[in-house]
Amino acid sequence: MKSTTKKPLSRNKLLAIAGFGWMFDAMDVGILSFIIAALAIEWSLSPEQMGWIGSVNSIGMAVGAVFFGLIADKIGRKNVFMITLLMFSLASGASALAGGLAIFMILRFFVGMGLGGELPVASTLVSESVPAEERGKVVVLLESFWAVGWILAALIAYFVIPDYGWRWALALTALPAFYAIYLRLKLPDSPRYKKVENVKRTVVQNIKELWTPTYRRRTLMLWILWFTVVFSYYGMFLWLPSVMVIKGFSLIKTFEYVLIMTLAQLPGYFSAAWLIERVGRKFVLITYLLGTAASAAVFGSAETLTMLMISGMLLSFFNLGAWGALYAYSPEQYPTVIRATGAGMAAGVGRIGGILGPLLVGTMVAASYSIGIIFGIFCAAIVVGVLAVAFLGTETKQQELQDTL
């Protein structure tokens with residue numbers, strides 16, 4: 001039988017292969033925010049229905065994060081990486097053909113399931129494959145591909161949706177993801193996972209281990225942090241184009257303004273990547289989340305275009321920098337034998353927040369609450385996440401990862 005052992009990839013090649021698929025994932029999530037605004041007009045959707053489109057995506061992500069996180073500790077990171085990307089790509093392409101809201105939402109569930117399973121497993125694989133002294137920086141740089149995907153989504157929305165419609169926009173974001181599948185065939189599995197792949201542990205054992213005295217504080221901290229970050233992110237960013245329309249801007253102008261705001265995500269990631277190995281994970285998370293909360297408060301109450309643009313750009317800068325630190329921090333809380341389980345469960349709990357966030361906005365907009373009050377709720381949620389990190393979190397900067405319990 002031919003050996004399937006692969007040589008370790010260089011850091012940059014690993015980052016490129018993992019990041020390429022991450023970018024197309026982000027394109028799909030990003031384009032959804034613009035498509036919701038377009039579908040609201042084409043299908044005469046109510047605010048509650050608009051909220052459900054975003055939330056069903058997060059329901060799928062919650063299921064995917066937990067399920068695929070659990071099995072990644074059983075069958076390996078790379079296998080789950082490939083399965084989830086294939087699921088995501090097929091469902092995303094099919095959703096471009098959806099003839100009504102019901103089938104569109106079913107397909108978005110499967111898109112979310114693939115995406116939700118892939119992201120924590122991808123960050124776990126990369127985290128386990130680079131040296132301790134640059135682990136945080138590399139994982140944040142992996143997350144920066146998310147910003148590139150969002151920028152491409154905003155460009156597609158601006159140039160494609162007004163003239164060619166949302167179906168072509170979805171197809172453009174889904175098709176290149178198949179090339180990412182080809183690239184990942186060359187990706188070796190995590191060297192740390194290979195050290196422990198023969199350790200016999202059940203899924204139930206791994207879940208119980210998260211709540212033993214050694215790990216319960218870390219697990220509680222991560223679950224609170226993930227919930228508050230995802231709740232606020234999906235509540236704010238999936239509704240960003242629609243909020244701009246509510247504030248009186250045309251759909252085309254809205255796409256242009258959101259594209260400009262989205263560009264601020266890249267320096268947010270790069271600054272977090274630069275800081276995370278210098279000042280630590282906790283400092284970056286706390287600082288960037290507080291910046292997110294302040295920006296959200298200003299954006300929600302802003303009335304002039306200037307204030308909307310400045311606060312929207314700062315919101316993108318700080319929030320996505322915090323996301324990068326979150327993905328670097330999460331796998332570092334657990335040893336290899338339960339790492340994907342721990343990261344996946346935390347992400348799954350977070351996705352519950354992603355279900356509730358868009359629904360909250362839709363419900364409150366329908367009830368005529370102001371955008372300022374709605375964004376104030378997200379601001380308060382983020383502060384809760386900050387407190388969890390400050391009082392329950394431990395610093396993991398440049399610490400060697402454990403493999404066994």
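Refer to the structure printed above.
On a predicted model such as this, the values are computed, not experimentally measured, just so you know. (Residues numbered from 1 in each chain as written. Predicted model: local features only at pLDDT ≥ 70, side-chain atom pairs only at ≥ 80, totals over all residues. Heavy atoms only, no water.)

A. Just the overall build of the protein chain, in detail. Scanning the protein chain from N- to C-terminus turns up 18 helices and 0 strands. Relative to its length of 405 residues, the protein chain is compact, with a C-alpha radius of gyration of 20 Å against a globular reference of 22 Å. If you line up the protein chain on its principal axes, its C-alpha atoms span 60 × 50 × 35 Å. Residues counted as buried form 61% of the 405 residues belonging to the protein chain. Of all intrachain contacts in the protein chain linking residues separated by at least 6 positions in sequence, the fraction that spans at least 24 positions is 86%. Roughly 14800 Å² of accessible area belongs to the protein chain as shown, and the carbon and sulfur atoms make up 69% of that amount. (Helix = DSSP H or I, 4+ residues; strand = E, 2+ residues; numbered from the N terminus. Rg over C-alpha atoms; globule rule 2.2 N^0.38 Å. Buried < 20%, exposed > 50% of the residue type's maximum accessible area, 1.4 Å probe, protein only. Contact = heavy atoms within 4.5 Å. Areas by Shrake-Rupley, 256 points an atom, 1.4 Å probe, with all protein chains shown as cover.)

B. Structural context of a nonpolar patch on the surface. Residues Leu290, Val383, Leu387 and Phe391 make up a contiguous nonpolar surface patch of roughly 380 Å² in combined accessible area. No other element matches the 3 residues that helix H18 (residues 371-392) contributes to the nonpolar patch. If you trace the backbone, leucine 290 turns up in helix H15 (residues 281-301). Residue leucine 290 is classed as partly exposed on the basis of its relative accessible area of 42%. (Patch = residues over 30% accessible without salt bridge, like charges linked within 9 Å, V, L, I, M, F, W, Y side chains within 5 Å. Salt bridge = Lys/Arg side-chain N within 4 Å of Asp/Glu carboxyl O.)

C. How the structure looks around the packing of aromatic side chains. Per the counting criterion, the structure on display carries 23 aromatic pairs. Pairing tryptophan 226 with tyrosine 327 gives two aromatic rings, centres 5.3 Å apart and planes at 90 degrees, and the pair type is edge-to-face. Highlighted residues: tryptophan 226 in helix H11 (residues 216-237) and tyrosine 327 in helix H16 (residues 305-329), separated in sequence by 101 residues. Each member of the pair, tryptophan 226 as well as tyrosine 327, is classed as buried. Measuring from centroid to centroid gives 5.4 Å for phenylalanine 299 and phenylalanine 375, while their planes differ by 35 degrees, and the two rings are tilted. Of the two residues, phenylalanine 299 is situated in helix H15 and phenylalanine 375 in helix H18; the sequence distance between them amounts to 76 residues. The exposure classification of phenylalanine 299 matches that of phenylalanine 375, with both residues buried. Three or more aromatic residues joined by ring pairs make a cluster, and in this case those are Trp22, Trp150, Trp226, Tyr233, Tyr234, Phe237, Trp323 and Tyr327. (Phe/Tyr/Trp six-rings, centres within 6.5 Å; stacked < 30°, edge-to-face > 60°.)

Function cannot be inferred from these measures alone, as they are strictly geometric.
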